[in-house]
Amino acid sequence: MENTYLGLVLAPLAGAIIAGLFGKQVGRAGAHWVTILGVGISFILSVLVFKHHVFDGGATYNETVYTWMVSDGITFQIGFLVDQLTALMICVVTFVSLMVHIYTIGYMHDDPGYQRFFSYIALFTFSMLMLVMSNNFMQLFFGWEAVGLVSYLLIGFWFKKDTAIYANLKAFLVNRVGDFGFLLGIAAVLMYFGSLNYADVFALAPSLKDSTVEVFPGTEWSLMTMVCILLFIGAMGKSAQVPLHVWLPDSMEGPTPISALIHAATMVTAGVFMVARMSPLYEYSETALGFVMVIGAITAFFMGLVGIVQNDIKRVVAYSTLSQLGYMMVAAGASAYAAAIFHLMTHAFFKALLFLAAGSVIIAMHHKQDIREMGGLKKYMPITYWTSLFGSLALIGFPGTSGFFSKDAIIEAVHASSVPGADIAYWAVLLGVFITALYSFRMFFLVFHGKERMDHHTKEHLHETPWVVTGPLMLLAIPSLIIGYLTVESVLFGDYFKDAIFVLPEHNVLAKIGENYTSEIGFVLHGMMAPPFWLAMGGLFTAWFIYMKKPEIADNIKNNMQWIYKLLDKKYFADEFNEAFFAGGSRGIGRLLWRNGDIRIIDGLMVNGSANSIGWLSSVVRHVQTGYLYHYAFVMIVGLMLLLGWHLF
Amino acid sequence: MNFDYTQLIPLLPEITVLTMACLVLVVDVYKTSKDSNLTYYLTQLTLVMAAILTIALPATETNRVFNGMFVADSMSDLLKLFIYIVSFMVFVYSREYLRAREMYRGEYFVLGLFGILGMMIMVSAHNLLMVYLGLELLSLCLYAMVAMQRNVVTVSEAAMKYFVLGALASGMLLYGMSLLYGATGTLDIVEMSNKLSTGDLSSSLIMITGMVFLITGLGFKLGAVPFHMWVPDVYHGAPTSVTLYIGAAPKIAAFALVMRLLVEGLGSMQAQWQDILIIMTVLSLFVGNVIAIAQTNIKRMLAYSTISHVAYLLLGIIAGTQSGYVASMFYVIVYAIMSMAAFGMILFLSRAGFEADSLDDLKGLNERSPWYAFMMLIVMFSMAGVPPLLGFWAKLAVLKAVVEVDLVWLAVTAVAFSIIGAFYYLRVVKLMYFDKAEDTNDFIAGPDMRFFLSANALAILGLGIFPGGLLSLCASALGM
């Protein structure tokens, strides 16, 4: 199998290199063919790997492929750990990536950076695969940083746009904060477990669960809690959890295909994946689990609220992504890792679908993104309309769609959980359902129904987008609708993850829910009698009533509740706070250090000072070389005398 | 006593070089056309023949012939081999330069070959008389070669200084030898070593005095401070092709001399000579690196650079361990390869009536020829000790050797000075890449020179990426 895994990882890399370095030679068509071929191979191999591990019962593969270096007894290796969790992840990643590659042909059709774009997204696929297939922390960190790098490059893809540059710098800096925690977490693992290999670390975890460390004198911290929270800080950056969420909405400055691939379906879910992968560590720290859950709940609820007042089509979907990532984290915090990964998978499909549909609308609207200037697009874009409807239904958890199964499982799991913070989290995710339905269908109605509010010129050119755009939409709509129904039994309540994810018996909430589980249909029927369903329907109805039936209500609310509107519209002033406090503060410190430290001490005294003094010394000492022969001979004789004297006296 | 003819076998390379040198001399007198390449080809053929003989007759064990006068061991084989390679390249590089200055005739090559013979004898000498013979054979050739353009003022000045100071140093060396002979009663290096290992002769006044005089002579040959004064003036004044000759292979021979005299002969006096070498090393580091900064002439700058490289070379000897000697040997070979490429580059840039030896002549080389600018960049980075180039590994090896014997302060000093030294190497890079070109003439170098020069610089890169081979070659030559 090793060759399969290597081929799976390296095929997109080869595509990226060819499209990136030889973009001129292969041309535009060459660039998209070579990368699609690479990712296509990768997808086919992923399916084979999935089949091998899931249906044929292949054993977990955990081998080192290459030893990079051995330093002080610690080995740094490239290796693959492939089990059910990995198999599922690589299938999702390569499938969505393949769809996005095809879609890009249509979306970036006239862009001068065509080859560069394909090179980046193929490189992203490689990095993401390295991340999910890793069997050690070093490679995990490599993948983690590599996807971050590609994300940075792609957010700033239109590098002549000031807002894009601002956004990518912001994404980079905010992720740096998260990565700092992540790196500290890895360092702590290395320090206390003495290895970077997952298998070794996980094997040691039970014996270290009660150990404490003293980071600052006089404090006693549980080792597991510290390691898990540090690693989770990394996940907060990558998966955009409050308060490190600020970069994700701005990342919408990048082209829409990457919003779908990187900032919705795959990269941002890396944090969730990481927590699930580290389940043997997280299980031993209830504090960390509670922390994960509370952060997730805050993100799920409050980011959903912001989604209601956004007017940019992509930003609505972006806030929806934030909120859904919060759901996944809540599930992970409740030890329902399987539910988190399950939601990750279903979300990847329907959120990629929604983003690509939004992109399709944007193409049709000539790159206008304000939903207030849309409306009534249903009759112009039937395919986009229907696929968006499916995506939105899946997002709000309409019974039977994939989102229903995953979201319901999360809510039930939190309800059953006893981890500290579970009560708050339960209410947050429950009310979140109403909010999700409200913002999703607000956008849906404003875009596809009602009065046509666009200008005359745009209206004349409205038509359905080409097949390279609609094709992926249709292909993504299928799993968005049915994947949940097909897989819920084995993934959530079966033994799909038995080797990959570790859950302590007392935390096993999914097993508790599973006791009442009969069949998929039973799950649906049960769901239709539970509060989440009625909340979702209520949200849908409210959206219809406010934005379709009586639009003046929306304005009334806006006018009467100014401060709430302002708070949401300004996203809780998080950007302003960061700008003033962190950015302003760092700039202030920076200026201080620059003036006094850099210019005066380092540049003035040390660098230039020593350079000047050496230069001066040199110009003086060179005069020893007088050019007179008798001086030279004199120096030799004196030298001889001194050396003799050294020993004789 | 019958003469044992098998004694001649280890000497075959030397005999070949001697015979061929005489042949070249005669051929050159009788050849009709002044510009013919015959002499040049015969010279190169000699080196190839000598190399084949050295490789074909490897010394499997230490083989002393002529009553211990001459020794052939694996160290001498390896060093001789590199002397041939380096000299071969030197002749290739010098060709166009000599032709443009009407020096492309027998003298240069004949003197060159006799010089090589001198170096070979230095490498294989196991008797103080033989040491002196080899040294003088080489020195006399060098004096004459420096003076070849005798009607140029700077050249005759350089030759005069070199000769007078060389004679002084030679006298000191000879005086040192006579003291050693007086104390031990033998000229044979092995016997001397045996005598010294018993009794307290090593710390006697006469031995120490003799040793200091001996080191003075060696220091002069190597160009270590305070016996370095000739180096900048001679490097600067001599024709560049001769500077190239002086700068490369003779350093290998001088290293052999240090090994034979200090390590093999006076090994039991290590405690005494270690101090002296440390003083010379620190002074050389200071002078070599600091004064180089103030130079505007590349040849002069490289002369100071040589002084500092000699200091690094001595670090390995100072360590006094087997791995230290290996490191030194590695360093001297690496140094020869680098200095060959550096002076080769000056020859490459020069043409009739233009020496290209000012730093300003390198300005904007990247515009004129990105490839050769890159080659020079490799050489300069390697001399500065930037990883992963060859020069880095050489520095690393000697520094490691010193650290192993707990002379950490010396290693730190060496590193500190190498940082200062990096300045003038990097300045060359800056001139090549960031300044505007002033000279826009085409290069006259032929394809052979272009090929070998590129190969030379690329070897620095390639061997730097895979330094293991050369290093283990040095280690096995010293029986490790």
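Model, not experiment: these values are computed from the prediction. (Residues numbered from 1 in each chain as written. Chains lettered and ligands numbered in written order. Predicted model: local features only at pLDDT ≥ 70, side-chain atom pairs only at ≥ 80, totals over all residues. Heavy atoms only, no water.)

Visitor: What is the right way to look at the overall build of chain A in this model?
Guide: Scanning chain A from N- to C-terminus turns up 27 helices and 4 strands. The buried share of chain A, taken over its 649 residues, is 57%. Taken as a whole, chain A presents about 26400 Å² of accessible surface, with 68% of it coming from carbon and sulfur. (Helix = DSSP H or I, 4+ residues; strand = E, 2+ residues; numbered from the N terminus. Buried < 20%, exposed > 50% of the residue type's maximum accessible area, 1.4 Å probe, protein only. Areas by Shrake-Rupley, 256 points an atom, 1.4 Å probe, with all protein chains shown as cover.)

Visitor: Explanation requested: the overall build of chain B in the structure shown.
Guide: Check the secondary structure of chain B and you find 20 helices and 2 strands. Taking contacts inside chain B between residues at least 6 apart in sequence as the whole, the part at least 24 apart equals 81%. Roughly 16600 Å² of accessible area belongs to chain B as shown, and the carbon and sulfur atoms make up 68% of that amount. (Contact = heavy atoms within 4.5 Å.)

Visitor: Sorry, what's going on with the pattern of salt bridges here?
Guide: Opposite charge on two side chains permits them to pair, given that their charged atoms come into close proximity. If you walk through the whole model with that rule in mind, you get 28 salt bridges over all chains. Residues A:Asp455 and A:Lys368 are paired through a salt bridge, measuring 3.7 Å at the closest nitrogen-oxygen approach. Of this pair, A:Asp455 sits in the loop between helix 18 (422-448) and helix 19 (456-460) while A:Lys368 sits in the loop between helix 15 (337-364) and helix 16 (382-396); the two residues are 87 residues apart in sequence, bridging distant segments of the chain. A relative accessible area of 28% places A:Lys368 in the partly exposed class. The partner of B:Asp233 in a salt bridge is B:Arg300, with the nearest N and O atoms 3.0 Å apart. (Salt bridge = Lys/Arg side-chain N within 4 Å of Asp/Glu carboxyl O.)

Visitor: Teacher, can you tell me more about helix 6 (residues 153-184) of chain B here?
Guide: Each turn of an α-helix holds 3.6 residues, which means side chains three or four residues apart point in the same direction. Helix length check: helix 6 of chain B (32 residues) gives 46 Å between terminal C-alpha atoms against 46 Å at 1.5 Å per residue, within 8%. Just downstream of helix 6 of chain B lies B:Gly185, where phi reads positive at about 75°. (Expected span 1.5 Å × (residues − 1).)

Visitor: Whenever I open this one, the nonpolar core confuses me. Can you help?
Guide: Soluble globular proteins tend to bury their nonpolar side chains together. Ranked by internal contacts, the top residues of the largest apolar core, which has 217 residues, are A:Leu281 and A:Tyr282. Examining the composition of this core, we find that 21 residues originate from one element, helix 15 of chain A, more than from any other. Excluding residues within four positions of it along the chain, A:Leu281 makes contact with A:Phe193, A:Val201, A:Phe202, A:Ala205, A:Met224, A:Val227, A:Cys228 and A:Leu231. Counting 206 residues, the second-largest nonpolar core is a separate cluster that includes B:Phe114, B:Ala341, B:Ile378 and B:Ala397. (Core = buried A, V, L, I, M, F, W, Y, C linked by side-chain atoms within 4.5 Å.)

Visitor: Help me understand the interface of chain B and chain A, please; the structure alone is not making it clear to me.
Guide: One widely used convention gives an interface's size as the accessible area the parts lose upon coming together. Contacts between chain B and chain A engage 34 residues on the former and 22 residues on the latter. Along the contact surface separating chain B from chain A lie 0 salt bridges. Every element with two or more residues in the side of chain B that touches chain A is listed here: helix 6, helix 8 (205-222), helix 9 (230-237), helix 12 (270-293) and helix 13 (298-319) of chain B. It is helix 12 of chain B that contributes the most residues to the side of chain B that touches chain A, 9 residues altogether. A breakdown of the residues in the side of chain B that touches chain A according to their chemical character gives 25 nonpolar, 4 polar and 5 charged. (Nonpolar A, V, L, I, M, F, W, Y, C, P; charged D, E, K, R; others polar.)

Visitor: What exactly am I supposed to notice about the packing of aromatic side chains here?
Guide: Here the distance between the centres and the angle between the planes together describe a pair of aromatic rings. Under the definition given, this model contains 68 aromatic pairs over all chains. A ring pair is formed by A:Phe541 and A:Phe545, whose centres lie 6.1 Å apart and whose planes are at 25°; its orientation type is stacked. Of this pair, A:Phe541 and A:Phe545 both sit in helix 23 (residues 531-549), separated by 4 residues, roughly a single helical turn. We classify A:Phe545 as partly exposed; its relative accessible area is 29%. Put simply, the rings of A:Tyr385, A:Trp386, A:Phe390, A:Phe441, A:Phe444, A:Phe445 and A:Phe448 pair up and form one aromatic cluster. Sitting over the ring of B:Tyr104, B:Arg99 keeps its end group 4.6 Å from the ring centre. Positioned above the aromatic ring of B:Tyr97 is the side chain of B:Arg101, whose terminal nitrogen or guanidinium carbon lies 3.8 Å from the ring centre. (Phe/Tyr/Trp six-rings, centres within 6.5 Å; stacked < 30°, edge-to-face > 60°. Lys NZ or Arg CZ within 6 Å of the ring centre and 35° of its normal.)

Visitor: Explain the pairing of strand 2 (residues 74-82) of chain A here, please?
Guide: In regular strands, side chains alternate between the two faces of the sheet. Residue and element names in this part refer to chain A. Both strand 1 (residues 61-71) and strand 2 contribute to a ladder of 9 bridges, which runs antiparallel. The residue of strand 2 that forms the bridge with asparagine 62 is leucine 81. Two successive antiparallel strands, strand 1 and strand 2, enclose a turn made up of 2 residues, where aspartate 72 displays a positive phi of approximately 55°. (Pairing = 2+ DSSP bridges.)

Visitor: When you look at the packing of helix 3 (residues 74-100) of chain B against helix 4 (residues 106-124) of chain B in this model, what are you seeing that I'm missing?
Guide: The angle between the axes and the distance between the axes are what describe a pair of packed helices. All names here are of chain B. For the pair helix 3 and helix 4, interaxial distance at closest approach is 10 Å and the crossing angle is 165°. In terms of orientation, helix 3 lies roughly antiparallel with respect to helix 4. Our pair here, helix 3 against helix 4, has a crossing hand that is right-handed. Contacts between helix 3 and helix 4 involve Ser76, Leu79, Lys80, Ile83, Tyr84, Ser87, Val90, Phe91, Ser94 and Leu98 from the former and Tyr108, Phe109, Gly112, Ile116, Met119, Met120, Val123 and Ser124 from the latter. (Axes fitted to C-alpha atoms, helices over the stretch in contact; angles between N-to-C directions. Parallel < 35°, antiparallel > 145°, perpendicular 65-115°, else oblique. Left-handed = near helix turned anticlockwise from the far one by under 90°.)

Visitor: Could you clarify how one ought to interpret the packing of helix 17 (residues 390-404) of chain B against helix 18 (residues 408-434) of chain B in this entry?
Guide: All names here are of chain B. Where helix 17 meets helix 18, the axes come as close as 7 Å, and the angle between the chain directions of the two elements is 155°. Put simply, helix 17 runs roughly antiparallel to helix 18. Crossing of helix 17 over helix 18 shows left-handed handedness. When helix 17 is examined against helix 18, the residues Lys395, Leu399, Val402 and Val403 are found in contact with a partner set consisting of Val408, Leu410, Ala411, Ala414, Val415 and Ser418. For the contact of helix 17 with helix 18, the per-class residue count stands at 8 nonpolar, 1 polar and 1 charged.

Visitor: I tried to follow unusual backbone geometry on my own but got confused; where do I start?
Guide: As a rule of thumb, non-glycine residues mostly have phi less than zero, and peptide bonds are mostly trans rather than cis. For the bond from B:Val225 to B:Pro226, the omega torsion is 5°, close enough to zero to count as cis. Here B:Pro226 lies in the loop between helix 8 and helix 9. Residue B:Pro388 is bonded to the preceding B:Pro387 through a cis peptide linkage, with omega at 5°. One non-glycine residue with positive phi stands out, namely A:Tyr572, at about 60°. Positive phi outside glycine occurs at A:Phe573, with the angle close to 60°. For A:Phe573, the location among the structural elements is in the loop between helix 25 (562-569) and helix 26 (574-621). You can call A:Phe573 partly exposed: its relative accessible area is 34%.

Visitor: What is the right way to look at the side chain of A:Ser417 in this model?
Guide: Residue and element names in this part refer to chain A. Relative to the elements of secondary structure, serine 417 occurs in the loop between helix 17 (402-416) and helix 18. Exposure remark for serine 417: the relative accessible area of 10% places this residue in the buried category. Polar side-chain contacts of serine 417 include one of 3.2 Å to the backbone nitrogen of valine 419. Filtering out sequence-adjacent residues up to four positions away, serine 417 remains in contact with Met293, Ala334, Ala422 and Val509. (Polar contact = N/O pair within 3.5 Å; in protein donor to acceptor, adjacent residues only side chain to side chain.)

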